[in-house]
Amino acid sequence: MERFKVAGGARLAGEIAVCGAKNSALKLMAVALLAEGRTELRGVPRILDVELMAELLRRLGCDVRLDWEPGPEREDGPQKGSAIVIDVPAVPRTEADYDLVRRLRASICVLGPLLARQGEAKVSYPGGDAIGSRGLDMHIDGLERLGADISQEHGFLVATAKDGLTGASILLDFPSVGATENILMAAVLARGTTVIDNAAREPEIVDICSLLASMGAKIDGAGSSTLVIEGVDTLSPAPSPHQVVADRIVAGMFAVAATMTRGDVRVDGGNAAHLEIALDKLTQAGAIVVPDETGFRVSMDRRPKSVDIITLPYPGFATDLQPLFAAMNSIAEGTSMVTENLFDARFVFLQELARLGASVRTEGHHAIVRGVEKLSGAPVRATDIRAGAGLVLAGLVADGHTTVSDVRHIDRGYQGLVTQLRSLGAQIEREPDPDPYP
């Protein structure tokens, strides 16, 4: 077990590069299962979740080569990410075991590709972050509409489609990213036309559609709430390496960090269009945000002002940025309301933020954050990926030292965070954790 030791008081300044999105790279790795042969992805973040997904694909019979080795070395990796080569066999295995799936919720996305390609799949119920209930009902309902038979057996989802899948019209009750991805990846090999209404619109969905199109899939409406998929008989690997879309959540984290520390940071590779609402909120807080051709710059010279936050599906305010803005509001002028509409346990993070002296009160899915002049360093624990990042940012502006335990969560989502923050002037280091639960 390791922890981060963060010294407060540093002003972040400089330039940082953003690699490919975790939430896209993991799903693109699953897309590779749809075609026999070699798929290459570039700009993939050097994070633990990618290593877990690579191992899952290996157990399904794929040969997966990462251009880095697992372990702490990921801290020193190239900022813009790395390459992965996936060789998929003619007949991949179809069972995803519990010991890996429980550690990586994104592994459920192999269900659709395996079902479409092999006519069967057996995937353990997933694990992942403890941020609330994230049921699979819409995944199951959508695949059943395509003709799959799905049952639960001994902790596994068992799906079969002996005669193949058939296109259908599917209306999602909620624009679920995971359900959209699974249904989309199954529909590309289904007979006939599939229409997904109320589909998720995230840039990561557009990225998946782009790779699928280069493999021969026929998809209209990427980036809109309606996807129309004309099924094809077979797909082929993309003829050239696919560049993973930049990670908007990591880019947003550095933007918030610059604002909180009254710094000046240029985010190379950050797409301001993918962060329109978040960057507008930082402008309301007093920051100066200047987009350019290859990224954007955020500068701040005063204590931020509080801003209200309401999380919604894209293009609304991203739930993954909510803990970061809650941390900013904790030291801002005034009182803010943070409303979490997507994950019911995300406010667990606020209990840790309160250990640093934040003034927070929760009422259902609302949190009232009253800004204080200064936080006070203390031992805290990362409860999920984004909560861990929020606590690190809080530590940057707290008096004294803050230790953040359970950094395995942070390693799942952020490539070389210690190295990147130190390059901007932060005083932060990774060290053994003698007591992982403060």
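The rules behind these values
- Each chain carries its own residue numbering, running from 1 in the written order of its sequence.
- With the structure being a predicted model, the display of local features is reserved for residues of pLDDT at least 70 and the display and counting of side-chain atom pairs for 80 or more, all residues being used for whole-chain, interface and lining totals.
- Side-chain metrics rest on all non-hydrogen atoms present in the structure, leaving aside hydrogens and water.
- A run of H or I in DSSP counts as a helix once it spans at least four residues, and a run of E counts as a strand once it spans at least two, with each numbered from the N terminus.
- We compute the radius of gyration over the C-alpha atoms and compare it with the globule rule, which gives 2.2 Å times the number of residues raised to the power 0.38.
- Note on classification: 1.4 Å probe, protein chains only; a residue is buried when its accessible area is under 20% of the maximum for its type, exposed when over 50%, partly exposed between these limits.
- Between N or O atoms, a polar contact is any pair within 3.5 Å; within protein, one atom must be a potential hydrogen donor and the other a potential acceptor, and residues adjacent in sequence are included only when both atoms are from side chains.
- Throughout, a contact is declared for two residues whenever any of their heavy atoms are within 4.5 Å.
- Any two of the Phe, Tyr and Trp rings considered here, Trp counted by its six-membered ring, make a pair once their centres fall within 6.5 Å; the pair's planes then place it as stacked at under 30 degrees, edge-to-face at over 60, or tilted in between.
- To sit over a ring, a charge needs its Lys NZ or Arg CZ within 6 Å of the ring centre and within 35 degrees of the ring normal.
- Strand pairing requires that DSSP identify at least two bridges connecting the strands.
- Helix axes are fitted only over the stretch in contact, all axes being lines through C-alpha atoms; the angle between N-to-C directions runs from 0 to 180 degrees.
- In this scheme, roughly parallel covers angles under 35 degrees and roughly antiparallel covers those over 145, while 65 to 115 is roughly perpendicular and the rest are oblique.
- Should the near helix be turned anticlockwise from the far one by less than a right angle, the crossing is left-handed, and should it be turned clockwise, the crossing is right-handed.
- Put simply, Ala, Val, Leu, Ile, Met, Phe, Trp, Tyr, Cys and Pro go in the nonpolar bin, Asp, Glu, Lys and Arg in the charged bin, and everything else, Gly too, in the polar bin.

Trainee: Now, about the overall build of the protein chain: what can you tell me, with residues and values included?
Mentor: When helices and strands are tallied, the protein chain shows 14 helices and 26 strands. A compact globule built from 438 residues should have a C-alpha radius of gyration of about 22 Å, and the protein chain, at 21 Å, falls within 12% of that. If one aligns the C-alpha atoms of the protein chain with their principal axes, the spans along those axes are about 65 × 45 × 40 Å. When each of the 438 residues of the protein chain is scored for burial, the buried share is 60%.

Trainee: How would you summarise the side chain of Asp 433 if you had to cite specific residues and measurements?
Mentor: Structurally, Asp 433 is set in the segment after β26 (427-432). Here Ser 405 takes part through its side chain, which lies 2.8 Å from a polar atom of the side chain of Asp 433.

Trainee: Residue-level account of the side chain of Thr 402, with values.
Mentor: Considering the arrangement of structural elements, one finds Thr 402 in strand β25 (residues 401-405). Every residue in contact with Thr 402, bar those within four places of it in the chain, is listed here: Phe 4, Lys 5, Val 6, Leu 356, Gly 377, Ala 378, Val 380 and Gly 395.

Trainee: Tell me about helix α10 (residues 322-330), and name the residues and values.
Mentor: Burial analysis of α10 places 9 of its 9 residues in the buried class, the great majority of the element. Buried residues of α10: Gln 322, Pro 323, Leu 324, Phe 325, Ala 326, Ala 327, Met 328, Asn 329 and Ser 330, and no others.

Trainee: Go over the environment of Gly 167, please, and point to the residues and values.
Mentor: The residue Gly 167 is located in the loop between β9 (156-160) and β10 (169-171) in this model. Sequence separation between Gly 167 and Thr 226 is 59 residues; the distance between their C-alpha atoms is 15 Å.

Trainee: Would you mind going over the packing of aromatic side chains in detail, with residue names and values included?
Mentor: One pass over the structure, following the stated rule, counts 1 aromatic pair. With a centroid separation of 5.0 Å and an interplanar angle of 85°, the aromatic rings of Phe 317 and Phe 325 are classed as edge-to-face. This pair shows no difference in class: Phe 317 is buried, exactly as Phe 325 is. In this structure, Lys 122 packs its charged tip against the face of Phe 156, placed 4.9 Å from the ring centre.

Trainee: Give a description of the sheet that holds strand β20 (residues 359-363) that names residues and reports values.
Mentor: Pairing within the open sheet is mixed, and its 4 strands lie in the order β18-β19-β21-β20. The open sheet has two edge strands, β18 (309-310) and β20, and neither has a second partner. Strand direction decides the pairing type here: β18 and strand β19 (residues 335-339), joined by 2 bridges, are parallel. Following the sheet pairing, Ile 309 is matched in β19 by Val 338. Running at roughly 30° to strand β21 (residues 366-370), α10 makes contact with β18, β19 and β21 of the sheet.

Trainee: Give me the packing of α10 against helix α11 (residues 348-355): which residues, what numbers.
Mentor: For any two helices packed against each other, the geometry comes down to the angle between their axes and how far apart the axes lie. Where α10 meets α11, the axes come as close as 11 Å, and the angle between the chain directions of the two elements is 30°. Put simply, α10 runs roughly parallel to α11. Where α10 crosses over α11, the handedness of that crossing is right-handed. Contact residues: α10 offers Pro 323, Ala 326, Ala 327 and Ser 330, while α11 offers Phe 349, Leu 350 and Leu 353. Of the residues assigned to the contact of α10 with α11, the class counts are 6 nonpolar, 1 polar and no charged.

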